Amino acid sequence: MKASVRAWMGGFAAMLVLVCSHGYAQTNTTVEVTVHADRPGAIIHPEIYGQFAEQLGHGIYGGIWVGEHSATPNIRGYRKDVVEALKAIKVPVVRWPGGCFADQYDWRDGIGPRDKRPVRMNASWGGEDDNRFGTHEFMDFAELIGAKTYLSINVGTGTPREMSQWIEYITADVHSSLAQERRANGRDKPWKLDYVGIGNEMWGCGGSMRPQFYADVYRQYATFVHAPEHAPIVRIASGANADDLGWTDTAMSMAGSQIDAISLHNYTIPTGDWKHKGSATEFGEAEWMSTLQGALRMDELIARHSAVMDKYDPKKRVGLAVDEWGNWTDQDPSAGDAALYQQNSLRDALSAAITLDIFQAHADRVRMANIAQMVNVLQAMILTDQSKMVLTPTYYVFDMYKVFQGATYLPVNVQAPAYRFGNVSVPGVHATAGRDATGIVHVALVNLDPHHADTVHLMLPGIKGSDVHGHVLTAPEINAINTFDHPDRVKPAAFGGAIFKQGVVTAVLPPKSVVVLDIH
Ligand code: AHR
């Protein structure tokens, strides 16, 4: 033990007693975390806190859009409660309209008077889509919540001409017929289109393409992404499924010079079996462990894809956009027609926190990430039922972590005993840190162990602070959830378990918890 740590251990004993009297398990693990403010890394792109909203289930209809005449309080048709909740977490970017849905989407279906729009089958996810939510509704929604815009382009069944006309319709400031059509449909000023994804999962639902073929298709489409001079559009190539490094290699070698970013999709399936993914709420410690282990895998995936990209792009001009990630469980038994609806527990909160930590550690390459998905679909921020809304444990992690948006990444070194279950073991504590523009250092600490508290000694070389505050997210059970009747079971609380003494912060992390500290 370092001398500086030993020096204040006496005073710290009182805090341990206090913590135990609040019902945490007896602390029995000591962890050392060093935050290297002396070796600042890249800026943490706010866009890694991005969202994904696909036209499916109740993700858009009922979740975001209820229409102006709905009994649910709304702002020009958008749910007021959802808009406010999303603004509160500073959503930086939203990806729309898919997903698989995007490669069968005709943008012309979603413009003009709503009652005249065609009703189409949703061939990817079932049901019908009457296109009440289209281009204007999406672009205005992004403006309303203050987010950047990311359109997933139909490459699978579309054409480069349809894409370039869609982009012109949205962005043109001239008096072309398309710009005039936009004006006639109610929007005078062009919108800002920030990102386009050239297809989605082109190896699968986007057209079952082989990487060589897709690389040429990408080059063709990328040529026709015409952005206004003052408002460039980032072009994102449809990337690999999980560990398909060959896809990244081929795309980078054949089309790298025209790619601004390449995507990566990875989902964690608690059981590892797509046919029986496991329940979002009824699980034991084995699936707690397998899910957290799945989240930790993101580190290796990014490192390996990034190494392939380095071969062609050692200066890291091309970004990695993890534009679909999260936990995918069996659909909730109560879901009805709400495709891919699943509950969200403390387990989701911890896996989100770990994944965000990993994105931050790779801030030099990961420029965007979009959790799947924003409302009522997969690992959602928000669940709704008619006029009711509940914020999920994952939402609260995004809320606690919003302080990292735009901060400078500070490398962390964690010396923690493993958390073991059966023959599986993972590091017991995960951490990340960043310094924001005002100089405050934020440190997030995740205790993966559901049984034992951890005493963390936080070493802060190069950081002059004297005060520490924080918030903690935890719950009595690993599968604790928020429901419409009990919305506050998993919610952040002020954290009183940290003290700052002689340059070292000591924090007692409750079992299965996420703690974010602000060090002034
Ligand atoms: O997020 C649900 C689906 O998962 C998306 O539509 C698709 O891109 C992925 O396979």
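Note: the structure precedes this text.
Residues numbered from 1 in each chain as written. Predicted model: local features only at pLDDT ≥ 70, side-chain atom pairs only at ≥ 80, totals over all residues. Heavy atoms only, no water.

Caption draft 1: View of the overall build of the protein. Secondary structure summary: the protein contains 11 helices and 27 strands in total. Taking 2.2 N^0.38 as the reference for a compact globule, 520 residues should give roughly 24 Å; the C-alpha atoms of the protein span a radius of gyration of 23 Å, in line with that estimate. In terms of principal-axis extent, the alpha carbons of the protein reach across some 75 × 50 × 45 Å. A buried classification covers 58% of the 520 residues belonging to the protein. For the protein, restricting intrachain contacts to residue pairs at least 6 apart in sequence, the fraction spanning at least 24 positions comes to 76%. (Helix = DSSP H or I, 4+ residues; strand = E, 2+ residues; numbered from the N terminus. Rg over C-alpha atoms; globule rule 2.2 N^0.38 Å. Buried < 20%, exposed > 50% of the residue type's maximum accessible area, 1.4 Å probe, protein only. Contact = heavy atoms within 4.5 Å.)

Caption draft 2: Spatial organisation of the site of the ligand. In the neighbourhood of the ligand, the contacting residues comprise Phe52, Glu54, Gly99, Cys100, Trp125, Asn200, Glu201, Tyr267, Glu324, Trp328, Gln373 and Leu378. Note that an oxygen atom of the ligand is positioned 2.7 Å from one of the side-chain N or O atoms of Glu54. In this structure, Glu201 approaches the ligand through a side-chain N or O atom, which is 2.8 Å from an oxygen atom. Relative to its free-state accessible area of 280 Å², the ligand is covered by the protein chains to the extent of 94%. A class-by-class count of the residues in the shell around the ligand yields six nonpolar, three polar and three charged. (Near = heavy atom within 4 Å. Polar contact = N/O pair within 3.5 Å; in protein donor to acceptor, adjacent residues only side chain to side chain. Areas by Shrake-Rupley, 256 points an atom, 1.4 Å probe, with all protein chains shown as cover. Nonpolar A, V, L, I, M, F, W, Y, C, P; charged D, E, K, R; others polar.)

Caption draft 3: Fine view of the sheet that holds strand β9 (residues 195-198). Strand order in the closed barrel formed by eight strands is β2-β5-β8-β9-β10-β11-β12-β13, and the pairing between neighbours is parallel. Direction aside, neighbouring strands of the sheet carry axes that sit 25° apart on average. Bridge count between strand β2 (residues 50-52) and strand β13 (residues 366-372): three bridges; the pairing is parallel. The residue of β13 that forms the bridge with Gly50 is Asn370. Along the sheet, helix α5 (residues 160-171) makes contact with β5 (93-96), β8 (148-153) and β9, crossing β8 at roughly 160°. Packing against the sheet, helix α7 (residues 211-223) makes contact with β8, β9 and β10 (234-241), and its axis sits at approximately 165° to β10. (Pairing = 2+ DSSP bridges. Axes fitted to C-alpha atoms, helices over the stretch in contact; angles between N-to-C directions.)

Caption draft 4: Summary view of the packing of helix α8 (residues 245-255) against helix α9 (residues 285-312). Closest axis-to-axis distance for the α8/α9 pair is 9 Å, and the angle between their directions is 25°. With respect to each other, α8 and α9 are oriented roughly parallel. In this structure, α8 meets α9 at a crossing whose hand is right-handed. Facing α8, whose interface residues are Leu245, Thr248, Asp249, Met252 and Ser253, α9 presents Arg304, His305, Val308, Met309, Lys311 and Tyr312. Looking at the contact of α8 with α9 residue by residue, the class counts come to five nonpolar, three polar and three charged. (Parallel < 35°, antiparallel > 145°, perpendicular 65-115°, else oblique. Left-handed = near helix turned anticlockwise from the far one by under 90°.)

Caption draft 5: Local environment of the state of the cysteines. Following the criterion strictly, the structure yields one disulfide and no others. Note on cysteine connectivity: Cys100 is disulfide-linked to Cys205, with sulfurs 2.2 Å apart. Between Cys100 and Cys205, the S-S torsion sits near -85°, and that sign places the bridge as left-handed. Pair noted here: Cys100 is in the loop between β5 and β6 (120-121) and Cys205 is in the loop between β9 and α7, with a separation of 105 residues, a long-range link. (Disulfide = S-S within 2.5 Å.)

Caption draft 6: Molecular detail of the environment of Thr506. Structurally, the position occupied by Thr506 is in strand β26 (residues 504-509). For the pair Thr506 and Ala261, spaced 245 residues apart in sequence, the C-alpha separation works out to 40 Å.

Caption draft 7: Focus on helix α6 (residues 177-184). Every buried residue of α6 is listed here: Leu178, Ala179 and Arg182. Projected down its long axis, α6 shows its buried positions confined to an angular sector of 100°, all on one face. Facing away from the buried side of α6, by more than 90 degrees, are the exposed residues Ser177 and Ala184. (Arc of directions from axis to C-beta.)

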